[in-house]
Amino acid sequence: MMKVAAVGFCCIDVYENMNNRCYATGNGVDVVINLSKHGISSSVISAVGNDDYGRLMLDTLHGYGIDTTHLHVQDGGKTAVIKMSLNGRDRVHGERIRGVMEGYALAAGDLEFIREHDIVHTDLSWRVVEKLPQIHQGKTKVFFDFSIKHAHPDLEKILPHINWGMFSFDEDSEQVREFLKRGCSLGPEILIATFGRKGAIAYDGREFHFQGIVEDSGVVNTVGAGDAFASGFLLGKTRGLDLQNCLYLGAQTSAEIVGKFEPY
């Protein structure tokens, strides 16, 4: 059975205008929880404080059968929190309290543990650049979520050490397509650009593939739609599906998740 690891930022989203309703999250956390619902063995490599929010993170992950042996609990530390609110169906990000995620780096034994996995999901939320060449060795494939950071200064250092990358744009354009082409020339197998309700495209080094949205049954919360797309795409990869079917699973999973309050 394939194993997937999420490495990087984890936090608790707290909706202060909804009686402090909260849930455990983080890009990679959302991805592996969604994958765990399909029987994929998953782990989270990150850090929390020994506070109530840290216990919420651990309890949530344990509830989905996710390995937390390398989710480090820091004595006296504060778990990262993002204060959120809903304006109708739109999410509004408020104060971001990084807590133990401030300056997060891998601890002893983490790198070896990560490399036991078939797929690693990560992003720019931690000191990732120097570790990528070591992670991207042997059997381990890397999915990198760049979000909206198309012009990040470390882009050309990252791209040669990943297999799949995902960016978020407002809409499709010739500039976006040229961006994906240039990116793939540096090494990735596939680069994806998502456009919200306008669908997504992927470039595989030879041609572009388009995926429209899958109609949802009603939007409750758009938080986690991108992570849901990533989890669907990776689910397809664990099943050995072709690119078009991986993209479809991404769109299908996003449609399911926006109909829920939590991002999984």
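Each remark here, short or long, concerns the structure printed above.
Model, not experiment: these values are computed from the prediction. (Residues numbered from 1 in each chain as written. Predicted model: local features only at pLDDT ≥ 70, side-chain atom pairs only at ≥ 80, totals over all residues. Heavy atoms only, no water.)

1. Some points on the packing of aromatic side chains
With the rule as written, the count across this model stands at 13 aromatic pairs. Taking the centre distance of 5.8 Å and the plane angle of 75° together, the rings of Phe-169 and Phe-179 count as edge-to-face. Highlighted residues: Phe-169 in the loop between strand 10 (164-168) and helix 6 (174-184) and Phe-179 in helix 6, separated in sequence by 10 residues. Using a relative accessible area of 14% as the deciding quantity, one classes Phe-169 as buried. Connected via pairs of aromatic rings, a cluster forms that spans Phe-144, Phe-146, Phe-167, Phe-169 and Phe-179. Between the NZ or CZ atom of Arg-96 and the centre of the ring of Phe-9, over which it lies, the distance is 4.7 Å. (Phe/Tyr/Trp six-rings, centres within 6.5 Å; stacked < 30°, edge-to-face > 60°. Helix = DSSP H or I, 4+ residues; strand = E, 2+ residues; numbered from the N terminus. Buried < 20%, exposed > 50% of the residue type's maximum accessible area, 1.4 Å probe, protein only. Lys NZ or Arg CZ within 6 Å of the ring centre and 35° of its normal.)

2. Quick word on the packing of helix 1 (residues 27-36) against helix 7 (residues 225-238)
At a closest axis distance of 8 Å, the pairing of helix 1 and helix 7 adopts a crossing angle of 45°. One element, helix 1, and the other, helix 7, form an angle in the oblique class. In the packing of helix 1 onto helix 7, the handedness of the crossing is right-handed. The segment helix 1 lies against helix 7, with Asn-27, Asp-30, Val-31, Asn-34 and Leu-35 engaging Asp-227, Ala-228, Ala-230, Ser-231, Leu-234 and Leu-235. Classifying every residue of the contact of helix 1 with helix 7 by side-chain character gives six nonpolar, three polar and two charged. (Axes fitted to C-alpha atoms, helices over the stretch in contact; angles between N-to-C directions. Parallel < 35°, antiparallel > 145°, perpendicular 65-115°, else oblique. Left-handed = near helix turned anticlockwise from the far one by under 90°. Contact = heavy atoms within 4.5 Å. Nonpolar A, V, L, I, M, F, W, Y, C, P; charged D, E, K, R; others polar.)

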